[in-house]
Amino acid sequence: MLIGEVARRSGVSARMLRHYDSLGLVRPTGRTGGGYREYADEDIRRIFHVESLRSLGLSLQEVGRALDDPGFAPSKLVDDLIGRTRERIAAETALLTRLSRIDAAEPAGWEDVLQVVALLQGLGSESAGKRQRAALASGPLASSGSSAMEVAVPVEALVEAALSETDPHVAGALRWALAQSGDGGLALLAEGLGSPVAAVRRRAVRSVAEFPGGEATTLLRGALTDSDVVVRRCAALALGARGVADAVPTLVAMVVDGANDVDAADALRTLATSLVPPDLSAPADRPAPPDRTTSQDQIVSPDRTTPADRIAAALVDRLARSAAGSSVRRRLTQALAEIPGATATQALADLSHDEDRAVALTAAYVLTLRATRQDDARP
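Residues numbered from 1 in each chain as written. Predicted model: local features only at pLDDT ≥ 70, side-chain atom pairs only at ≥ 80, totals over all residues. Heavy atoms only, no water.

1. Observations regarding the overall build of the protein
Going by this rule: Each helix corresponds to a stretch of at least 4 residues labelled H or I by DSSP, and each strand to a stretch of at least 2 residues labelled E; elements are numbered beginning at the N terminus. Accessible area is worked out with a 1.4 Å probe on protein chains only. A residue is then buried under 20% of its type maximum, exposed over 50%, and partly exposed in between. In what follows, a contact means two residues having at least one pair of non-hydrogen atoms within 4.5 Å.
The helix and strand tally for the protein stands at 19 helices and two strands. Across the 379 residues of the protein, 38% fall into the buried class. Long-range pairs, those at least 24 residues apart, make up 53% of the contacts in the protein with a sequence separation of at least 6.

2. Digging into the nonpolar core
Heads up, the rule is: In this text, buried Ala, Val, Leu, Ile, Met, Phe, Trp, Tyr and Cys residues form a nonpolar core when linked through side-chain atoms within 4.5 Å.
Counting 69 residues, the largest nonpolar core has L251, L268, L315, L336 and I339 as the members making the most contacts within it. When residues of this core are assigned to their parent elements, the largest contribution, seven residues, is made by helix 8 (residues 155-164). Residue contacts for L315: discarding those within four places in its chain leaves V252, L268, L332, A335, L336 and I339.

3. Some remarks on the pattern of salt bridges
Keep this limit in mind: Just to be clear on terms, a salt bridge is a Lys or Arg side-chain nitrogen sitting within 4 Å of an Asp or Glu carboxyl oxygen.
With the rule as written, the count across this model stands at 17 salt bridges. The partner of D21 in a salt bridge is R31, and the shortest N-O contact between them spans 3.9 Å. Placement of the pair is D21 in helix 2 (residues 14-23) and R31 in strand 1 (residues 30-31), with a sequence separation of 10 residues. Salt-bridge contacts for E62 lead to R84; the nearest nitrogen and oxygen are separated by 3.1 Å. With E62 in helix 4 (residues 60-68) and R84 in helix 5 (residues 74-104), the pair connects residues that are 22 residues apart, well separated along the chain.

4. Thoughts on helix 3 (residues 41-55)
Going by this rule: A helix is expected to span 1.5 Å for every residue after the first.
With 15 residues, helix 3 ought to run about 21 Å at 1.5 Å a step, and its terminal C-alpha atoms sit 21 Å apart, in line with that. All buried positions along helix 3 are accounted for by D43, I44, I47, V50 and L53. One or two steps after helix 3, the chain reaches G57, where phi turns positive at roughly 100°.

5. A few points about the environment of P168
You can see P168 is positioned in helix 9 (residues 168-180). Judged by its relative accessible area of 59%, P168 is exposed. Separated by 40 residues in the primary sequence, P168 and A128 place their C-alpha atoms 9.7 Å from one another.

6. Some details on the packing of helix 10 (residues 186-193) against helix 12 (residues 214-223)
For clarity, the threshold we go by: Helix axes are fitted only over the stretch in contact, all axes being lines through C-alpha atoms; the angle between N-to-C directions runs from 0 to 180 degrees. Orientation categories follow fixed angle ranges, with anything under 35 degrees roughly parallel, anything over 145 roughly antiparallel, 65 to 115 roughly perpendicular, and all other angles oblique. Charged means Asp, Glu, Lys or Arg here, nonpolar means Ala, Val, Leu, Ile, Met, Phe, Trp, Tyr, Cys or Pro, and polar covers whatever is left, Gly included.
Between helix 10 and helix 12, the least distance of the axes is 11 Å, while the angle of their chain directions is 0°. Classified by the angle their axes make, helix 10 and helix 12 are roughly parallel. Of helix 12, the residues touching helix 10 (which contributes L186, A190 and L193) are E215, A216 and L219. Considered class by class, the residues forming the contact of helix 10 with helix 12 number five nonpolar, no polar and one charged.

7. A short note on the side chain of D354
Definition in use: Pairs of N or O atoms within 3.5 Å make up the polar contacts considered here, provided that, within protein, one atom can donate a hydrogen while the other can accept it, and that residues adjacent in sequence are counted only when both atoms are side-chain atoms.
Looking at the element boundaries, D354 is found in the loop between helix 18 (342-351) and helix 19 (357-377). One polar contact links D354 to R329, side chain to side chain, over a distance of 2.2 Å. Looking at D354, its side chain comes within polar contact range of the main-chain nitrogen of D356, at 2.8 Å. Ignoring anything within four residues of it in the chain, the contact list for D354 reads R329, V359 and A360.

8. Describing the packing of helix 10 against helix 11 (residues 198-208)
How we decide: Should the near helix be turned anticlockwise from the far one by less than a right angle, the crossing is left-handed, and should it be turned clockwise, the crossing is right-handed.
Put simply, helix 10 and helix 11 touch, their axes get as near as 8 Å, and they point 145° apart. Where helix 10 crosses over helix 11, the two elements pack in a sense that is left-handed. Two secondary-structure elements touch here, helix 10 through L186, L189, G192 and L193 and helix 11 through V200, R201, A204, V205, S207 and V208. Classifying every residue of the contact of helix 10 with helix 11 gives seven nonpolar, two polar and one charged.

9. As for the confidence of the model for the protein
Our working rule: Values of pLDDT, ranging from 0 to 100, describe the predictor's confidence in every residue of the model.
Taken residue by residue, the protein gives an average pLDDT of 82. The fraction at 70 or more is 83%. Of the regions scoring below 50 in pLDDT, residues 141-149 engages in six contacts with residues more than four places distant in sequence or in other chains. Segment residues 276-302: pLDDT under 50, and 38 contacts once partners within four positions in sequence are set aside and those in other chains are kept.

10. Brief notes about helix 18
Where we set the bar: By arc we mean the arc of the directions from the helix axis to the C-beta atoms, nothing more.
Buried within helix 18 are the following residues: A344, A347, L348 and L351. An end-on view of helix 18 places all buried positions within 100° of arc, on one side of the element.

11. Let's talk about the environment of G182
Within the secondary structure, G182 sits in the loop between helix 9 and helix 10. You can call G182 partly exposed: its relative accessible area is 28%. Through-space distance from the C-alpha of G182 to that of F211 is 8.3 Å; in sequence the pair is 29 residues apart.

12. Remarks on unusual backbone geometry
With a phi close to 50°, N260 is a non-glycine residue in the positive phi region. Examined against the element boundaries, N260 turns out to sit in the loop between helix 14 (248-257) and helix 15 (261-274). On the basis of relative accessible area, N260 is assigned to the partly exposed category, the value being 46%.

What follows is the structure in structure tokens.
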């Protein structure tokens, strides 16, 4: 079969067939009387073999080795091809992501495109300083000055950076930038809260905690049941600052465990003073209305106890457990000192006679301060 016919049937151009011949990859078996290349059936089969291997990404040199080297083992080459293909796909995916984010920024001109590219490169830099500067530059538009940004970095890029950042200073800047970007990042952070990697969930909950509003609060409530204790604690501290009573059990456990116990005690104090107390003059069968500035968590308990009393009772319950060691009792006493109300005062009075001298002295000192405040408050 002459070269033109082979080209038509195989789909390989005559020029490429001549190139194969020059490389010794596919040499026609014979020649016609006029000197034209004449391909036998075996030659055509080899052409199809060559094309099949090329379709896998092999170079012509690798194709020749695969067909002519009797000791050639394809497994290593296939593994190399898999690695190369994955690298190529990763590079193409990264490029597609970058282009999508530039498009999402809606640049008005090439100057805007270059600005977004520079910030995206900064967020992906190996230098923590460059990442931090890029994060700070990704915040709200400057109110004045020639350096004001005209385009915003897409929130997807900020979320991706925040969920992968390990440097605490850069992470803080990214959380700030995200909080300034509006609620668009919360849905993406919710995906981060569902990550199988605990470190990602920790970064996600810290980022969500920077957002105000009910949507963020709902996400934080869900994080209270996370399997990772750090995620639960971060959520509880944020919810305590928002006046959400669901956080109380976790905050009390933090005091017991000595994990951010000072912050946890502060959050308990905030809850004790910010939740709505009952209107004791209202009929017992009619709950007092919640304060207009508070959430549904701040509606009073049916048993007519104040939020401060319920928090104090939770601390006292942990004190009553036999497993509470000396250091635990001291932390719980210090936490009780921050809680107003009759239940806390009675518990401190009992603790002023505690066998642990540090606990007794702390309780007695707090009772003295409370008595002084009450005297000062009398007309």
